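Read off the chains here:
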Amino acid sequence: MITIATNEQYSLKVDITRNRAFLKINGFWRNKEDIPGYLQDWDEAIYKLSKGFTLLTDATEMTIHPRDVRDVHSKAQEKIIKVGVKKVAELHSENVSIMQLDGVSRESGMPKKNFNNKEEALKWLNV
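Reading the values: the criteria
- Residues numbered from 1 in each chain as written.
- Predicted model: local features only at pLDDT ≥ 70, side-chain atom pairs only at ≥ 80, totals over all residues.
- Heavy atoms only, no water.
- Helix = DSSP H or I, 4+ residues; strand = E, 2+ residues; numbered from the N terminus.
- Buried < 20%, exposed > 50% of the residue type's maximum accessible area, 1.4 Å probe, protein only.
- Contact = heavy atoms within 4.5 Å.
- Areas by Shrake-Rupley, 256 points an atom, 1.4 Å probe, with all protein chains shown as cover.
- Expected span 1.5 Å × (residues − 1).
- Pairing = 2+ DSSP bridges.
- Axes fitted to C-alpha atoms, helices over the stretch in contact; angles between N-to-C directions.
- Right-handed = clockwise from strand over helix to strand, strands pointing away.
- Core = buried A, V, L, I, M, F, W, Y, C linked by side-chain atoms within 4.5 Å.
- Salt bridge = Lys/Arg side-chain N within 4 Å of Asp/Glu carboxyl O.

## Re the overall build of the protein
- Secondary structure summary: the protein contains four helices and six strands in total.
- Mapped in sequence order, the helices and strands of the protein form the string β-β-β-α-β-α-β-α-β-α.
- Across the 127 residues that make up the protein, the buried fraction comes to 48%.
- Counting contacts in the protein only where the partners sit at least 6 residues apart, residues at least 24 apart contribute 72% of the total.
- Summed over all atoms, the accessible surface of the protein reaches about 6900 Å², with 50% contributed by carbon and sulfur.

Below is the structure:
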């Protein structure tokens, strides 16, 4: 497992053997200035992965984000889709985060499914 970034807002790791990225979103991101390296971190992660990679996003500790942060999520998803993500499993515990991330994913066309159990999410990604 290679750690791309770890900070108060998120962690991003890649497992090259599994061709999988792992994103954990922490708490509330006030604005895009809270996450200045987020898109560059995704560029680094994507560079290490191959087309057809999968992504596990842990949004269990995420709270709703403002519009400019939502735009950053959208740009990250565009990058991920462009390089050929196969599937995205999202872990949630709050309905608000589900609604917000589902909205961004619908707009970008992200191939994702929501879960509230990590083992089920990983099983789905492995198929």
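Picking up after the structure, the text goes on.
## Re helix H2 (residues 67-82)
- In a regular helix each residue adds 1.5 Å, so 16 residues correspond to 22 Å; H2 covers 23 Å between its end C-alpha atoms and thus fits that length.
- Taken together, the buried positions of H2 are Val 69, Arg 70, Val 72, His 73, Ser 74, Ala 76, Gln 77 and Ile 80.
- Positive backbone phi, at 100°, marks Gly 84, one or two positions downstream of H2.

## Description of the sheet that holds strand E5 (residues 87-91)
- Ordered in space as E1-E2-E3-E4-E5-E6, the six strands form an open sheet in which the pairing is mixed. The sheet terminates laterally at strand E1 (2-6) and strand E6 (112-115), the two strands that pair on one side only. The mean inter-strand angle of the sheet, taken between neighbouring strand axes irrespective of direction, is 15°.
- Of the strands in this sheet, E1, strand E2 (10-15), strand E3 (20-27) and strand E4 (54-62) touch helix H1 (residues 38-48), which is tilted by about 10° from E2.

## Structural notes on the pairing of E3
- Judged by how many residues are buried, E3 sits mostly within the fold: six of eight residues are covered.
- Across six bridges, E2 lies against E3 in antiparallel orientation. For Lys 13, the partnering residue across the bridge sits in E3 and is Phe 22.
- Adjacent in sequence and paired antiparallel, E2 and E3 are bridged by four residues, among which Asn 19 carries a positive phi angle near 55°.
- For the handedness criterion, the β-α-β arrangement of E3, H1 and E4 is classed as right-handed.

## Let's talk about the side chain of Asn 19
- Looking at the element boundaries, Asn 19 is found in the loop between E2 and E3.
- For Asn 19, the residues in contact, after removing those within four places along its chain, are Leu 49, Ser 50, Lys 51, Gly 52, Phe 53 and Thr 54.

## Side note on the pairing of E2
- Most of E2 is tucked away, with five of its six residues classed as buried.
- Following E1, the chain reverses through three residues before pairing antiparallel with E2.

## As for the nonpolar core
- If you look at the biggest cluster of nonpolar residues, it comprises 25 residues, and the most contacted ones within it are Tyr 10, Leu 23, Tyr 38 and Trp 42.
- Among the elements of the structure, E1, E2, E3, H1, E4 and H2 are those that each provide at least two residues to this core.
- When sequence neighbours within four positions are dropped, the list of residues in contact with Tyr 10 reads Ala 5, Leu 23, Lys 24, Ile 25, Asn 26, Trp 29, Ile 35, Gly 37, Tyr 38 and Asp 41.

## Examining the pattern of salt bridges
- Applying the stated criterion across every chain, the model contains seven salt bridges.
- Between Asp 15 and Arg 18 there is a salt bridge; the shortest N-O distance is 3.5 Å.
- Under the relative-accessibility criterion, Asp 15 is labelled buried at 10%.
- Arg 18 gets classed as exposed once you look at its relative accessible area, which sits at 54%.
- Note that Asp 71 is salt-bridged to Arg 67, the shortest N-O span being 3.6 Å. With a gap of four residues between them, Asp 71 and Arg 67 both fall in helix H2, about one helical turn apart.
- Look at Asp 71 and you get partly exposed, because its relative accessible area is 32%.

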